[in-house]
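# Notes for the structure review
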Amino acid sequence: NQANEFGLSEIEIESKVERELTSETFFDIRSLTWLPDRAGLLIAAARVPNKRFRIWEISLPTGSAKALTSEAENYTRLSLNKEANRLISTQEKQDFRLYLLNRGSSSDPYVLGDASRAAFFPNGRIVFASVMSGNEEIWSTNADGTGQRQLTNDPADDRGPVVSTDGGLIFFSSNRTGNSQVW
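These numbers were taken from a predicted model, which means no experiment stands behind them. All residue numbers refer to position in the chain's written sequence, counted from 1. In view of the model being predicted, local features appear only for residues whose pLDDT reaches at least 70, and side-chain atom pairs are presented and counted only at 80 or more, with totals across whole chains, interfaces and linings using the full set of residues. Water and hydrogen atoms play no part in the side-chain values, which are based on all heavy atoms of the structure.

What holds strands together in a sheet is hydrogen bonding between their backbones, with the strands either parallel or antiparallel. Strand pairing requires that DSSP identify at least two bridges connecting the strands. For helices the rule is a DSSP run of H or I covering at least 4 residues; for strands it is a run of E covering at least 2, with both sets numbered from the N terminus onward. With antiparallel pairing, four strands are arranged side by side in an open sheet as β11-β12-β13-β14. Bordering the open sheet on either side are β11 (116–120) and β14 (149–150), each of which pairs with just one other strand. Of the strand pairs in this sheet, strand β13 (residues 137–141) and β14 are connected by two bridges, and their pairing is antiparallel. Residue pairing in the sheet places Trp139 in a bridge with Gln150 of β14.

Given two aromatic rings, one states the distance between the centres and the angle between the planes to describe the pair. Geometry of aromatic contacts follows a simple scheme: Phe, Tyr and Trp rings, the Trp one being its six-membered ring, pair when their centres are within 6.5 Å, and the pair is stacked under 30 degrees between planes, edge-to-face over 60, tilted otherwise. For the coordinates displayed, the defined rule picks out one aromatic pair. Look at Phe26 and Trp56: their rings are 5.3 Å apart centre to centre, the planes differ by 75°, and that puts the pair in the edge-to-face class. Residue Phe26 is found in strand β2 (residues 18–26), and its partner Trp56 is found in strand β5 (residues 54–59); the two are separated by 30 residues along the sequence. The same class applies to Phe26 as to Trp56, namely buried. The ring of Phe53 has Arg30 lying over it, and the distance from NZ or CZ to the ring centre is 3.8 Å. The lysine or arginine in question, Arg47, covers the ring of Phe26, its NZ or CZ lying 5.2 Å from the ring centre. Burial classes: relative accessible area under 20% of the type maximum marks a residue as buried, over 50% as exposed, and values in between as partly exposed (1.4 Å probe, protein chains only). Cation placement over rings: the criterion is NZ of Lys or CZ of Arg within 6 Å of the ring centroid and within 35° of the ring normal.

This is the structure:
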């Protein structure tokens, strides 16, 4: 439902007692590693509205969550060395490309930009979703790649544009309300 519903708990195996480690919730948690003396955790997690996977530090005494990274890339797997003075992480970068191919032409496809999920307007203009601004937004461009224009600007993810048959409306999916809905 595009909401922050993942939590962190620990379960004592023998007693089966469950204890919440933090009241903070996340959209998804991909990896975790304990800090020395179990004073806290480092996690690779994302929160709505910006679903980039950051590295977070969870303090066990207080339960607070603090983002340690803020780049546009996603961090996934974490590993801490024995002394806990070095952390390695896998960093993922999106590499979506919007290609224009002319049917019946032997020319190479033309890259219009970094994008995913595109559609044509009846007049030939193109609408697409892209993270060019650092967040997934809806954009439009001419078929030759000129005249790019950002159409949405919201911290939530705006994706999957669909153009009405008359070209007067663009429908897209967004999690602006905490749930994925059509806008």
